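Letter by letter, the chains look like this.
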Amino acid sequence: MGYVSARGGFEAIQAAEELVKRKRVESGSSWLEIDQIVERLQYSVDRVMGEGGLWDEKLAAFAFRQAEGDLIEAAHLLRSHKSTLPRLGYTEVTHVNQIDVLRRIVPAFREPPGPQLLGKTLDYSGRLLEELDEDKARTEAVEASAKRHDNQQVKAEIATNDHDKPRVPGRLLDVLRSMDAVVERRSGADPEPVDISRTPARPGAPRSSLLSTMARAETGALVQLWYRNILGPDNNINEVTLGEVRHGRLPIIVPHPYTDEPVKVGDVRITEVEAIEDLDRSDEDRGRFDVGYGICFGHNERKAIAMANLDVALTREPEGSWLEQSLLMTTDGLDSSGFLEHLKLPHYVTFRSMMERKIATRKAVLDRDKKGEAITSHHALEEKV
Amino acid sequence: MVNWSVQLQDLGCIYGPNDHASADETGPLFGTNVSETYDSVVACWDVNLHASPGEALGVIGESGSGKSTVMRCIAGDQKPTKGDLRLVSVEGGQRNIFEMDDSARRALRIDQLAVVYQDPSEGLDLKISAGGNIAERLTAAGWRNFKDIRDRATELLHRTEVPLNRMDDPVQTFSGGMRQRVQLAKALANKPPVLILDEPTTGLDASVAAGVLDLIRGLLDETGIAAVVVSHDFNVVEMLTRRCMVMHHGRTVEVGLTDQLLEDPQHPYSQKLVAAARG
Amino acid sequence: MKAMTIKDVISVQRNRNQIMDEHTKREIRRAVLTAVAVPGYQVPFGSREMPVSRGWGSGGLQITVAVVGKESVLKVYDQGEDGGVNAANLRRLIRNSEGVKTTTDARKADVIQTRHRVPEDELQENQILVLQVPVPEPLREVERDMNELRRMHAEADYAKIWVSLYEDIVHNGVVMKTTGYPCLIDGRYIIATTPIPRWDVPKLHQAPFLALYGAGREKRIYAVPPYTDVEPLTFDDVPFQVEEVNAVCRSCGCSGMKTDGGEAGYLVELPQQDGSSQWVCSDTDWCNRQLNTYLPEDQDFKAGELW
C-alpha cells in the first residue's frame, strides 16, 4: 500500500536515512575529499554558493558532497545552515571597481580601455570529450602541469595578489558615459539596500531587492526567463550587447570590533556583467543606450549575463509588471523545487474532498437535466444531495 | 437643494506638460488641440455640463473633439488637470468627486455612477456568463441571496432583450449587439442615478444599432436616470437626448435643445455636422 | 536590529541542533502579533530557510519554533496522522531544536502543528493551532496579478470570488470549492483556510483557540484570534456543504455523516481490490480514543496490527 500507511513514521525515516548514508560510502570508490570538490568541481561549488546565498567554498563542498551532486539540495543545505547562524556584523560598502580581475572581456568594443584578459574559459575551445582512458588522462594532465616553469608560479597566481598591484581595468560604463551614450539613471540618492532574507521582495520592491533576488536565483530559471524574453513570447528584451564580463576577487572589509578601522578579512570571487540595451520603444530615449547590471558569487557567467539583461528589462517595465512578478515569484530554486516536490506528500484528505465534489456535481447536473430545468434556486439542490 | 444629478464644471485635461497657459494657444479659434510652445495636447478645456433626473444630455463631436476625454474624466478612467464634478447622490452634491481618492471613486462605480463603453469588453468580463457579469455588480453592492441575484439578473436581461437561454453562456460567445445589451443590463443592476453612454451603438450593424437605441430610449424613460450620451452621430443624439452640446478641438462651441440645434445650428462647426448628418 | 557583538556570540551556548536563532524567533513572534492584531490579514515576514523544503511546512515550522518554550507540549500531525513520515520528521526537528515534550493527544497539547486537518477534539482557550499553508492567497483562482490582488484585499473588493461562486452553482449545480474554502474573517479579510476540508471549517468559527497560519514559501503569516467570526463564503440560500459519506469508520465505527447526530469524523476512502471501498477516520488519535485505547505519551504513535 506504499508509504501512506507507513505509520511507523519515525522508523521509516530512520531506515531511509541509513540507506542514504550507507550509499554514500558503499561501492568500491574512494572517499571524496573536500579539497577535491573545491579544486576539481569549481563550477558546482560556485553555483551552490551562488544559489545558497553564502560565500564559503568548503561549506559549499560539504553540502555538495552530502547532497551527492544535487545542486538545489546543496543550496538548500547552505541556506538552512545560514538560518542557524547569528549575524556578527556587516561589511563596509565595497565598490566593484576594487575588483582584482581573473578574466575580463568587453564584447562591445574591439579594444576597450584597459586590458582584456581571456582568463580561464572554454568559450573558444572545441566541445569534445577528451581522453577517455583514465590512466592516459591522468598522465597527460600531470605532464601538462609539469610543463609550467615551476609550481610556485601557479600557486602565486591563484593566491591573493598581495604583492602586485591588483588588475583593475577601467569600466566600460564610464567610457559610455563620457560619450553621453547612456541614459542617466543615477539620482544621487543612496538608499539602504534591502535584505531580502528579512524583508521579502514583492512587486514594487526597490532595485536592490530585485538584484538580490536575481543574485541567488536558480541559474536555469534566470536563463529561461531571459530566453523567453529575448526570443520567446514575453518580448521584454530587445538587442543586448555586453559591456563588461568579469570574473575576479573583491575584498571583504569590515570595521575592526575595537578600533573601528576598516580591515580586510578575506576575498570573495564574483562574476559581474554589464549589459547594454538598445532602447527601441517610442517613449524611450532612442539616442542613447541603457545599461543593466548582474553580479553573483563565484564564476557563473551565464547567470550574471541573464541577470544583467533582466535588470535593464525590469527598468524599462513599469513597477509591478508581469516580468517583475515572474522574477520575484518563480525564479528561486528552493521555492520552486520545494513546491513542486511537495506534491509527493500525502494529499488524501484533499483528494477525498475533491472526489466528494465530483460526485455532488454529477448528481446535481443529472437531476437538473432529468427535470429539464436550469438551476434557478438552491431548492432544487437540497433535495438531491 | 440642487436639481441636477450630475454637474461638471470647468473641466480641463492636458496630455503632456500641464501648464494651463497651453490652453491659450489651442481650441477652435486656433484650429488645433496641440500647443506648440508647451509640447502638449489640450484634450479638453473649460467644459461644463449637467444632467437632471430623467434627462439625457448629448455630447457630440468628431474624433479629437475631446468628448471621449470628458467621458473618461467623469467615469474616473482618466485624471483631469482641473475641474469640479459633483453627484447629488454623494453628500448632496457638496463634494468634488475629482478630489476623492481612487478607492473611493471605484466605490462610486458600484451604484452611484455607471458607464456603458463603446467596446463592450471594457465593461464586461468576457470569460464569465451574462448573468455572472450582473452578479458581479450585485455582489459588490452586498447582495448575498442566490435566488435574488438570479431573479434580478433574469429581470435585467429580459428587459434588455437578451434571450434567457443564453444567460449562463460566457459573454465572449455573444455577438457585438448582444454584448452591448448585457453591458446595459449590468450598468443598471444597482439602479445608479447617473449613467454615461460612450458611443453606445458605434460598430454595430445598422439594424442591430437601431434595436439597441430603441432599448436605451425605453430604459431612460422608465428608470428616470440622468444620462450623458457621448457620440459623433447626430442621429443617436437626436433619438436619445433632449439637450446637447457640440465639442470641437477640446472646447464646447454650442449648447442647446437637441431639436432646435438640429434644426437651426448657429456655430459654423455645428452647421457642418448637422449638414453631414442630414445629407 | 543591532548586530551581535563578539561577546554576545561567545556567550550564547549554541545547541547544535537549533534550527533558528533567537533574533529570528523574536522577529517571527512580532509578525504573529501583527497578524493577530489584524485578523485575516496576510503579514509579510522574513521567512528563513528551514531544514524542510519550501512547500513542506517551513512556514508552520517557523511559527511553532518561535512560539514554543521548553515546557510546551507539542503535537505534530499530517492528514490527521501522527505517524506520517513528514510529521515525524517535523516533530523530531522541533524536539531536538527546542527540547519540547510531544504528544499525540490533541487535548493535551499546548501547540498543535497540522497539515490539512483541524482536530476532531474541541480545542480549548489556551491552545494554539499552527496550520501549514502551501498557498496563502484565497483569490488565486480568480486573479493572478499581484498588484490587483493587493488592491482587492485593501479595498475589500471581493466581487470576483463571489462571481466564481455564482458561476459554480450555475454551471455545476453546486459550489465546487473543495478544500481551503475561502472564509471571511471578522467581517473584513478573506483567507484561504489552507487545504483543510470543509468538514473542519465550522470548527473555526468563534473558536476558543488561537489559529496561526504559516506560509514559508510565500513568506506570509496570518491569524484568526480566539472568538472571531469565520464565515465560509456562500449565499444565504445555498447551504455550506461538507464532505459526508454514508459509511462508518472501519476501526472505531463512527459515522461519516455530521447530520446523523452522535460521533462523526472526517473519513477517508480505502479502495479495495474487489472494487468496493472501506472508510476510516482521518484523525488517527481521536479515532483510537473512540475505541477506548490509551497510548503512552511522549512516544511516536506505533502501528497496531488491526490498523
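All figures in this text were calculated on a predicted structure; none of them were measured in a lab. (Residues numbered from 1 in each chain as written. Chains lettered and ligands numbered in written order. Predicted model: local features only at pLDDT ≥ 70, side-chain atom pairs only at ≥ 80, totals over all residues.)

Asker: Residue-level account of the sheet that holds strand S2 (residues 73–78) of chain C, with values.
Answerer: Residue and element names in this part refer to chain C. One open sheet holds the seven strands; their spatial order is S1-S9-S8-S5-S4-S2-S3, and the pairing between them is mixed. This sheet does not close on itself; its edge strands, each paired only once, are strand S1 (43–44) and strand S3 (101–102). Direction of pairing for S2 relative to strand S4 (residues 111–115): parallel, over a ladder of five bridges. Bridge pairing in S4 links Asp78 to Arg115. Packing against the sheet, helix H2 (residues 22–37) makes contact with S1, strand S8 (210–215) and strand S9 (220–224), and its axis sits at approximately 45 degrees to S9. Along the sheet, helix H3 (residues 58–67) makes contact with S4, strand S5 (128–132), S8 and S9, crossing S5 at roughly 155 degrees. (Pairing = 2+ DSSP bridges. Helix = DSSP H or I, 4+ residues; strand = E, 2+ residues; numbered from the N terminus. Contact = placed C-beta atoms within 7 Å. Axes fitted to C-alpha atoms, helices over the stretch in contact; angles between N-to-C directions.)

Asker: So what about the confidence of the model for chain C? Which residues, and what values?
Answerer: Per-residue confidence for chain C averages 90 on the pLDDT scale, and 90% of its residues sit at or above 70. For this predicted complex, the interface score ipTM comes out at 0.89, alongside a pTM of 0.87. (pLDDT = per-residue confidence, 0-100.)

Asker: Quick rundown of the interface of chain A and chain C? Include the residues and the values.
Answerer: Each side of the interface is counted separately: chain A has 53 residues, and chain C has 61 residues. For the side of chain A that touches chain C, the secondary structure elements donating two or more residues are helix H1 (9–25), helix H5 (71–84), helix H13 (333–341) and helix H14 (348–371) of chain A. With 13 residues, the top contributor of residues to the side of chain A that touches chain C is H14 of chain A.

Asker: How would you sum up unusual backbone geometry? Please name residues and give values.
Answerer: Despite not being glycine, Glu199 of chain B has its phi angle at roughly 45 degrees, a positive value. If you trace the backbone, Glu199 of chain B turns up in the loop between strand S7 (194–198) and helix H7 (206–223). Not every positive phi belongs to a glycine, and Gln206 of chain C is a case in point at roughly 50 degrees. Tracing the backbone shows Gln206 of chain C in the loop between strand S7 (189–192) and S8.

Asker: Residue-level account of the sheet that holds strand S6 (residues 182–185) of chain C, with values.
Answerer: Residue and element names in this part refer to chain C. Strand order in the open sheet made by the three strands is S7-S6-S10, with antiparallel pairing throughout. The sheet terminates laterally at S7 and strand S10 (230–232), the two strands that pair on one side only. Each strand axis lies, on average, 35 degrees off the axis of its neighbour in the sheet, ignoring direction.

Asker: Go over the domain arrangement of chain C with me, naming the residues and quoting the values.
Answerer: For chain C, the domain assignment lists domain 1 (17–136 + 192–229), domain 2 (139–179) and domain 3 (242–291). On a C-alpha basis, the centroid separation for the pair domain 2 of chain C and domain 3 of chain C is 32 Å. (Domains from an automatic or database assignment.)

Asker: Give a description of H5 of chain A that names residues and reports values.
Answerer: Residue and element names in this part refer to chain A. Between its terminal C-alpha atoms H5 stretches 21 Å, which fits the 20 Å expected from 14 residues at 1.5 Å a residue. Along H5, the positions that sit buried rather than exposed are Leu71, Ile72, Ala74, Ala75, His76, Leu77, Leu78, Arg79 and Ser80. Summarising the contacts, the buried residues of H5 are in contact with helix H3 (42–52), helix H4 (57–66) and H13. (Expected span 1.5 Å × (residues − 1). Buried ≥ 20, exposed ≤ 12 C-beta atoms within 10 Å, placed from the backbone.)

Asker: Before we move on, could you go through the nonpolar core and cite the residues and values that matter?
Answerer: Core analysis: the largest hydrophobic core is formed by 151 residues, its most contacted members being Ala227 and Val228 of chain B together with Ala211, Leu212, Ile221 and Ala223 of chain C. Every residue in contact with Ile221 of chain C, bar those within four places of it in the chain, is listed here: Ala31, Val32, Ala35, Val43, Phe45, Ile63, Leu212, Tyr213 and Gly214 of chain C. Counting 58 residues, the second largest nonpolar core, distinct from the first, contains Leu54, Phe289, Leu314 and Leu323 of chain A. (Core = buried A, V, L, I, M, F, W, Y, C linked by C-beta atoms within 7 Å.)

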